[in-house]
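Report on the structure
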Amino acid sequence: MSRMVVALGGNALGETPLEQREIVQHTAKQIVDFIEEGHEVILAHGNGPQVGMINLAFENSAQCQGQTPKMPFPECGAMSQGYIGYHLQNGIKEELNNRGIDKAVTSVVSQVIVDKDDNAFKNPTKPIGSFYSKTEAKKLEKEGYDFIEDSGRGYRRVVPSPMPVDIVEKDVISTLVENEHILIACGGGGVPVVRENGSLKGVSAVIDKDFASEKLAEILEVDLFLILTAVEKVAINFGTTNEEWLSKMDIKTAKRYCQEGHFAPGSMLPKVKAAIKFAESKKDRKALITSLDKSKEALLGQTGTIIYDD
Ligand SMILES: Nc1ncnc2c1ncn2[C@@H]1O[C@H](COP(=O)(O)OP(=O)(O)O)[C@@H](O)[C@H]1O
Ligand SMILES: NC(=O)OP(=O)(O)O
């Protein structure tokens, strides 16, 4: 048995509300398998497509109707946490009930402190929302939005993504975990906030959920940081004829591969960097990157990519 933070990627959630509810049923089964095996699970999740959808809906509505207020970005992030947490906690609770397991499942709307002087505010890198064609992206750039090409999958809007410094609700999160609640926290990387004159102020950004989950994993002193995404393993020379899928990387090798540019920024690079950060935070800590569907085999050491301190 181990305590683990599980970071869920986009493919564990889906894009539309209907799709998300259906996909989450499948995700919940895998998560409850971990719980049934005796693991203590704390879930974090992404929100790129969802926060983009919420923000765009409010912008379109404000333009067309003139009745809906413009929704600030931190509020959009908080809405995405509530919306995804609602589906996840119900999906997991239902699966627990089906298996006769009596455990409480709770989502905590989490705020994550960032540094107001983080360079990320000058250089937007975090893809949000859906994919656009090059022509659509170029048109929207003229309206003031920033776009990047995302891992060969099309163009996506990007927003600043500062690094997490601390988690505001860390004490309540720890208490709930100690009391054996199944917890969903730091959804979408947490609502980014800065401290200003003794209060918290939301800022327009999306924190990378891999880095926020890593912070959560350190605070909760978990044994394993499990990053679940669309691929079973991490590759070097990804998408080329020399592609090589990796079963393990020690920290030094992983850092070298990062420098050599093997991992795409905004997708695999933050996962590998977060995994390195966790593995080097304390002796014997390791991170595992794999897909949701292969996670059981990966926990048995049969697949996935382990990042460890040798
Ligand atoms: N070196 C690499 N090895 C494996 N996958 C990579 C690599 N570089 C980029 N990727 C892409 O990164 C994707 C995972 O990132 P992303 O979809 O942004 O994550 P998330 O699961 O958090 O939503 C993979 O599905 C793959 O297409
Ligand atoms: N906040 C965040 O990292 O979301 P995605 O994982 O969906 O990009």
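Reference entry: report on the structure contained in this document. Nothing here was measured: the structure is a model prediction, and the numbers come from that model.

Across its full length, the protein holds nine helices and 17 strands. On C-alpha atoms alone, the protein measures out to a radius of gyration of 19 Å, which is about the 19 Å that the 2.2 N^0.38 rule sets for 310 residues. Overall size of the protein, expressed as C-alpha extent along the three principal axes, is 55 × 50 × 40 Å. Taken over 310 residues, the protein has a buried fraction of 44%. In the protein, the proportion of contacts linking residues at least 24 apart, taken out of those at least 6 apart, comes to 72%.

Right, let's talk about the nonpolar core for a bit. Within the largest apolar cluster, 79 residues are counted, with the highest numbers of intra-cluster contacts made by V5, L43, L216, F225 and A275. If one sorts the elements of this core by residue count, helix α3 (residues 73–98) sits on top with eight residues. When near neighbours in sequence (up to four residues on either side) are disregarded, L43 contacts V6, L8, I31, L88, L183 and I184.

This next bit is on the site of ligand 1. Around ligand 1 lies a shell of 16 residues, among which G9, G10, T229, F238 and S267 are the nearest. Its residues placed into classes, the shell around ligand 1 shows eight nonpolar, eight polar and no charged.

The local shell around ligand 2 consists of G9, G10, G46, N47, G48, G188, G189, V206, D208 and K209. Class assignment of the residues belonging to the shell around ligand 2 gives a composition of one nonpolar, seven polar and two charged.

This brings us to helix α1 (residues 17–36). With 20 residues, α1 ought to run about 28 Å at 1.5 Å a step, and its terminal C-alpha atoms sit 28 Å apart, in line with that. Taken residue by residue, α1 has Q20, V24, T27, A28, I31, V32 and F34 as its buried positions. Residues of α1 that are buried in the fold lie against β1 (3–8), β2 (40–45) and α3. Just downstream of α1 lies G38, where phi reads positive at about 100°.

With that settled, the discussion passes to unusual backbone geometry. We note that N197 has phi near 50°; this positive angle belongs to a residue other than glycine. Note that N197 resides in the loop between β10 (191–196) and β11 (199–202).

Burial analysis of β1 places five of its six residues in the buried class, the great majority of the element. Where β1 and β2 come together, six bridges link them in parallel fashion. Bridging across to β2, V6 finds its partner in L43. For the crossover that starts at β1, traverses α1 and ends in the parallel β2, the hand is right-handed. Strand direction decides the pairing type here: β1 and strand β12 (residues 224–229), joined by five bridges, are parallel. Across the sheet, the residue bridging to V5 is F225, located in β12.

Pairing in this open sheet of eight strands is mixed, and the strands run β3-β9-β2-β1-β12-β16-β17-β15 from one edge to the other. Each end of this open sheet is capped by a strand with a single partner; those strands are β3 (105–107) and β15 (248–250). The average undirected angle you get between the axes of adjacent strands in this sheet is 20°. Inspection of the sheet shows strand β16 (residues 286–291) paired to strand β17 (residues 305–308) by three bridges, in the antiparallel sense. Among the inter-strand pairings, A287 is bridged to a residue of β17, identified as I307. Packed onto the sheet, α3 meets β2, β3 and β9 (182–184) and runs at close to 175° relative to β3.

Rules behind the numbers
- Residues numbered from 1 in each chain as written.
- Chains lettered and ligands numbered in written order.
- Predicted model: local features only at pLDDT ≥ 70, side-chain atom pairs only at ≥ 80, totals over all residues.
- Helix = DSSP H or I, 4+ residues; strand = E, 2+ residues; numbered from the N terminus.
- Rg over C-alpha atoms; globule rule 2.2 N^0.38 Å.
- Buried ≥ 20, exposed ≤ 12 C-beta atoms within 10 Å, placed from the backbone.
- Contact = placed C-beta atoms within 7 Å.
- Core = buried A, V, L, I, M, F, W, Y, C linked by C-beta atoms within 7 Å.
- Near = placed C-beta within 6 Å.
- Nonpolar A, V, L, I, M, F, W, Y, C, P; charged D, E, K, R; others polar.
- Expected span 1.5 Å × (residues − 1).
- Pairing = 2+ DSSP bridges.
- Right-handed = clockwise from strand over helix to strand, strands pointing away.
- Axes fitted to C-alpha atoms, helices over the stretch in contact; angles between N-to-C directions.

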